[in-house]
Structures are given as C-alpha cells and as structure tokens.
Amino acid sequence: MTDAPDLAALLAATARGDQAAFARLYAQSSPHLLALLVRMLKRMDWAEEALQDCYMRIWRRSDSYQPDRGAPMAWLMTIARYRALDVLRARRPELIEAETPAGAPSLLERADEGQRPDAGAVEQEEMRRLGDCMTRLSDDERRSVLLAYYEGYTHSEMSARLGSPLGTIKSWVRRGLQQLRDCLGTA
Amino acid sequence: MDAHERQLLAGEYVLGTLDAAARREVEAARDPELEREIRRWEQRLAPLALKLAPIAPRPIVWLNLLHATGDGFAPMRAASQPYRWLRTWAAVATAASLVLGFGLYREASRPGLVPIVFPKRVPAPVYVTQLAVPKSTMHWTVSVSANQLAVRAGGEAPAAAAKLDAELWLITAAGPVSLGVIPKAGEVRRAVAETLPFAAGATLAVSLEPAGGSPTGAPTGPVVTTATLLQAS
C-alpha cells in the first residue's frame, strides 16, 4: 500500500485529467478495491465489472475528493463498498449463497486476522485501533456489524440468516455501532 | 433527530443495514450534520476493507477503462460480454502463440534467418511469446535466448496510451524484473542480464508507465497484457 500523500497527489492529478496519474492510481489501489468487491459479491465477474464502474466514477468525479474528507484510500474503499451494496440490492436473489455460513467462525477469524504487512503506517494504526475496539463488542454485536459490512446484509436479511428477531438484530447493530463510536472517538 | 440518533442512523446507513425506504429517507434528508456523521463512519469502518488480502484485477479491466476514459467510448456494460470476448481472445492468442512458436522454430532451424545469433557450440534455448493487448491490434512478439532479447511491435497502440511508455517485465518468484521499455512500433534488440530465469512457462507482462519507464523499478502502472513463454528450440 502506498502512503496517503502519494494517493492524494494522484487523485488531484487525476482530477486535472492526467491519465498517467489515473493509471498509477489504478495500479496502486485497484487490488484493494477488488479484494473488497470479491469479498462482498463472491463472483469475480461481478466484482470486476463493479471495479470498472468504480474507476469510471473516480475518473469522472475525482474532483470531488477533498483532503478533509479523510484518507484517500478510505474514500476509494467507500466508493467500492457503496457500489457493491448497489449490486447486491439489485442482484441478491440471483446470488448463490455464500460458502461460508453466516456467523461461522471463519468470518470472525478473518475479521480478526493480523495486520497486513503491506499497509502503510497510518493504515496499520487505524486497523489496530478498530481491531481493538471490535474486541469490546459482544459476539452477537460484532457478528452483526461484520456480517453487515462484508456481506451487505440489511437488518431483515440478517434476521433471516441468523434466525433472530428483527428487533434483536437492530439492537445488536446499534449497540455495536455505539460501542465502536465510543471507543474510536469522534475523529 | 438528536445527535445520538443521528450518529447511529449514519452508522446504519454506511453499514447498509437500513431497508430501502429508510435509506432513501437518509439520502433525501440533505442534513449537513447527518452527512458529516456519514463521512466519519466511512472513515472509521474503512480499515475493515483494507485488511483483506489484495487481488490484482485482470488486464481486461484496465483496458476497458482505457477505452472508456481515453477514447470516449462507453464502457462495456453487459456483465457477460467482456468475459465471453476474453475467452475468444485467449483462444486466438494461444493459437497465435503456437503458430508463432512453430514459425520461429522453423526460422531458427534455417541458418541466416535466425532472429538472434546464438553461440554455435552450445545452443541456448529460444523462448518466444506474443503479448497481445485486448481490444486493440497492439501486440508484441518477444523472443529471448541467453542474454539476448528481441521485441517487435505490431498493430496500433490504443490512443489513450499515447503518452505512456510500455515496459516489459519478467515475473519471477522474487517479483517482476524489468526488461526495459519496449517500443510501440518497430523493433528492438538488446542484451539483458544473463542470470534472468527465462524458462518455458515463465510469465511476461507489459505495464504502462510514465515516459522513460517505471520510476521505482517495479510496475507502477496497470498491466495491459501478460503471456507465458514457449520454448521454440
């Protein structure tokens, strides 16, 4: 992973229509966006199509990135995640359900996995902080937040998957979010 | 809506757990405070995405983007279209490589037409391949033997890549090793390090780089094509 100032500079140059900068931005960030898209969409063809859509958006709207919107990589990931959610909402009925059953240990293990050696120092620190805060959540709360994040489930889909009442799911998600917010602060 | 409720609603919106009606309500609210909370949650949760192991997209994705952004063409929308097309291309490319390999083999067996001069007593193996850029006529024919590299460019480079240089890489167990910038037209022959692990089945790749080639010694631009080396003799 690259340092944030580098990506920010590439985004700024891309906004001026600089194709070489766009090419470097793509080369540096697309493997991370694709990882998230594959995780959420499960199918490589959908993930690559979504990836293409994301970079079309980035090319056309790259001027809308402002440094005060936070880390550029997080901004790029947000574009990918909203795109994946749109695809899931449109195509969920077609989606062959995940190999990993909801709430199976593998999901939680994956989410708790070690830090990535290729991440920049700032990202490492952010991952560590979020990981620490995640451990404060109850198992139910953590599972609900992670299922929503990685699988894109709505409250009702999660309720069907986990076999728990809708109200219970909603409060797990809310308590989970509340604790994360308290733990991470207002930044 | 109080501050506490706003924070949680923003979190649910970013997670994506809200149903369609509630989601539209958030989007229609045009509440700057709510939007700020949404931005904060996006940043807070992004580390969950960053901890996933990166996956390199196939070259076709970048090629589609290059067309879409450079030539003003609409990107390919139909999900199955690029992939069906890619399969066809892959089959054609494989066939082309085989024909080429056979052709070079025959060439190499005829003295005087050998593309590269080899030491006579210990003939080094010749490896060949063709690197074709999808959705364009651009391709490179590569042959390599011992420390001699020959590259011939054919077809026309995509207009969108006009300002970029093409750089050739050998993918080794230790990562990509640069074989230098290659022309988009004409031919180049040059010596490369003798210790490079050229072998049948080894992968070559071409990436687009700023003028003069990658400033870092590793590919910084997108890979536009890859191919495996075939042994011609």
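On a predicted model such as this, the values are computed, not experimentally measured, just so you know.

## Remarks on the overall build of chain A
Helix and strand counts for chain A come out as 9 helices and 0 strands. Beginning at the N terminus, the succession of helices and strands in chain A can be written as α-α-α-α-α-α-α-α-α. A total of 187 residues make up chain A; the buried ones form 44% of that total. Sequence-distant contacts, at least 24 apart, represent 65% of the contacts inside chain A between residues at least 6 apart.

## Details of the overall build of chain B
Helix and strand content of chain B: 5 helices and 9 strands. Ordered by position from the N terminus, the helices and strands of chain B form the series α-α-α-α-α-β-β-β-β-β-β-β-β-β. Buried positions account for 39% of the 233 residues belonging to chain B. Considering only residue pairs separated by 6 or more positions, chain B has 64% of its internal contacts joining residues 24 or more positions apart.

## Quick look at the pairing of strand β3 (residues 148–154) of chain B
All names here are of chain B. Summarising the sheet, strand β2 (residues 139–145) and β3 pair through 7 bridges and their orientation is antiparallel. In the sheet register, His139 faces β3, and the bridge partner there is Gly154. As consecutive antiparallel partners, β2 and β3 are separated by 2 residues, and within that stretch Ala146 has a phi angle of approximately 50 degrees, a positive value. Inspection of the sheet shows β3 paired to strand β6 (residues 186–191) by 6 bridges, in the antiparallel sense. In the sheet register, Gln148 faces β6, and the bridge partner there is Ala191.

## Here's the deal with the sheet that holds strand β4 (residues 165–172) of chain B
Sheet strands associate in pairs through backbone hydrogen bonding, adopting either a parallel or an antiparallel arrangement. Residue and element names in this part refer to chain B. Strand order across the open sheet formed by 4 strands is β5-β4-β7-β8, with antiparallel pairing between neighbours. Both edges of this open sheet fall to β5 (175–182) and β8 (223–228), since each of them pairs with a single strand only. Neighbour-to-neighbour, the strand axes of this sheet turn through a mean angle of 25 degrees, independent of strand direction. With 7 bridges connecting them, β4 and strand β7 (residues 203–209) associate as antiparallel partners. Bridged to Glu167 within β7 is Ser207.

## Digging into the interface of chain B and chain A
With 46 residues of chain B at the contact, the number on the chain A side is 56 residues. Contributing elements (two or more residues each) for the side of chain B that touches chain A: α1 (3–15), α3 (32–50) and α4 (59–70) of chain B. Take the side of chain B that touches chain A: its biggest share by element is 10 residues, from α3(B). Class assignment of the residues belonging to the side of chain B that touches chain A gives a composition of 28 nonpolar, 10 polar and 8 charged.

## Description of the nonpolar core
With 102 residues, the main nonpolar core has Leu36(A), Leu37(A), Leu41(A) and Met77(A) as its most contacted residues. Per-element tally for this core: the top contributor is helix α2 (residues 19–41) of chain A, with 14 residues. Ignoring anything within four residues of it in the chain, the contact list for Met77(A) reads His32(A), Leu33(A), Leu36(A), Ala46(B), Ala49(B) and Leu50(B).

## Looking at the pairing of β7(B)
Residues and elements named next belong to chain B. Burial analysis of β7 places 5 of its 7 residues in the buried class, which makes it a mostly covered element. Taken together, the 5 bridges between β7 and β8 define a ladder with antiparallel strand orientation. Each bridged residue has a counterpart across the sheet, and for Ser207 the counterpart in β8 is Val223.

## Focus on helix α6 (residues 121–134) of chain A
All names here are of chain A. Between its first and last C-alpha, α6 extends 20 Å over 14 residues, near the 20 Å set by a 1.5 Å rise per residue. Within the sequence span of α6, burial applies to Glu123, Glu126, Met127, Leu130 and Met134. What you see down the axis of α6 is that its buried residues fit within an arc of 100 degrees, all on one side. Turned more than 90 degrees off the buried face of α6, the exposed positions are Ala121, Arg128 and Asp132.

## Describing the sheet that holds strand β1 (residues 126–132) of chain B
All names here are of chain B. Read from one edge to the other, the open sheet built from 5 strands follows the order β6-β3-β2-β1-β9, with strand pairing classed as antiparallel. Each edge of the open sheet is held by one strand with a lone partner, namely β6 and β9 (230–231). By the bridge criterion, 2 bridges tie β1 to β9 in an arrangement that is antiparallel. The partner of Val128 across the bridge, within β9, is Leu230.

## Topic: the environment of Glu151(A)
Take Glu151(A): it is sitting in helix α7 (residues 139–151). C-alpha of Glu151(A) to C-alpha of Leu88(A): the two residues are 63 residues apart in sequence and 8.9 Å apart in space.

## Some words on the confidence of the model for chain B
All names here are of chain B. Considering every residue of chain B, the mean pLDDT works out to 79; 77% of them sit at 70 or more. Least confident of the elements in chain B is helix α5 (residues 81–109), whose mean pLDDT is 48; most confident is α1, at 94. Predicted confidence is poor over residues 71–89, with pLDDT under 50, and the contacts of this stretch with residues over four places away or in other chains come to 21 contacts. Note that residues 104–120 has pLDDT below 50 and, in this model, 24 contacts with residues that lie over four places away or in other chains. Reported confidence for the predicted complex is 0.83 by ipTM and 0.65 by pTM.

## Let's talk about the packing of α6(A) against α3(B)
Direction vectors running N to C along α6(A) and α3(B) enclose 100 degrees, while the axes themselves pass 9 Å from each other. With respect to α3(B), the element α6(A) is oriented roughly perpendicular. In this structure, α6(A) uses Glu123(A), Glu126(A), Met127(A) and Leu130(A) to contact α3(B), whose residues at the interface are Pro47(B), Leu48(B) and Leu50(B). The residue inventory of the contact of α6(A) with α3(B), partitioned by class, reads 5 nonpolar, no polar and 2 charged.

Basis of the calculations
- Residue indices follow the written sequence of each chain, beginning from 1 at its first position.
- Labels are handed out in written order, letters beginning with A for the chains and numbers beginning with 1 for the ligands.
- Where totals are concerned, whole chains, interfaces and linings use all residues; where local detail is concerned, this predicted model gives features only for residues with pLDDT of at least 70, and gives and counts side-chain atom pairs only at 80 or more.
- The way it works is that DSSP assigns letters per residue, a run of H or I at least four long becomes a helix, a run of E at least two long becomes a strand, and they are numbered from the N terminus.
- Burial in this document is a count-based property: other C-beta atoms within 10 Å of a residue's C-beta are tallied, and the residue is buried at 20 or more, exposed at 12 or fewer, or partly exposed in between, with C-beta positions derived from the backbone.
- Residue pairs qualify as contacts under a 7 Å threshold applied to their C-beta atoms, which are placed from the backbone.
- The pairing criterion is simple: DSSP has to find at least two bridges between the two strands.
- Each axis is a line fitted through C-alpha atoms, and for a helix only the stretch in contact is used; angles between axes span 0 to 180 degrees, taken between their N-to-C directions.
- Each residue gets one label: Ala, Val, Leu, Ile, Met, Phe, Trp, Tyr, Cys and Pro are nonpolar, Asp, Glu, Lys and Arg are charged, and the others, such as Gly, are polar.
- When buried Ala, Val, Leu, Ile, Met, Phe, Trp, Tyr and Cys residues are joined through C-beta atoms within 7 Å, the set is termed a nonpolar core.
- Multiply 1.5 Å by the residue count of a helix minus one, and that product is the helix's expected span.
- Comment: arc refers to directions from the helix axis out to C-beta atoms.
- Per residue, pLDDT measures the predictor's confidence, with a range of 0 to 100.
- Each angle is binned into one of four classes, with values under 35 degrees roughly parallel, values over 145 roughly antiparallel, values of 65 to 115 roughly perpendicular, and all other values oblique.

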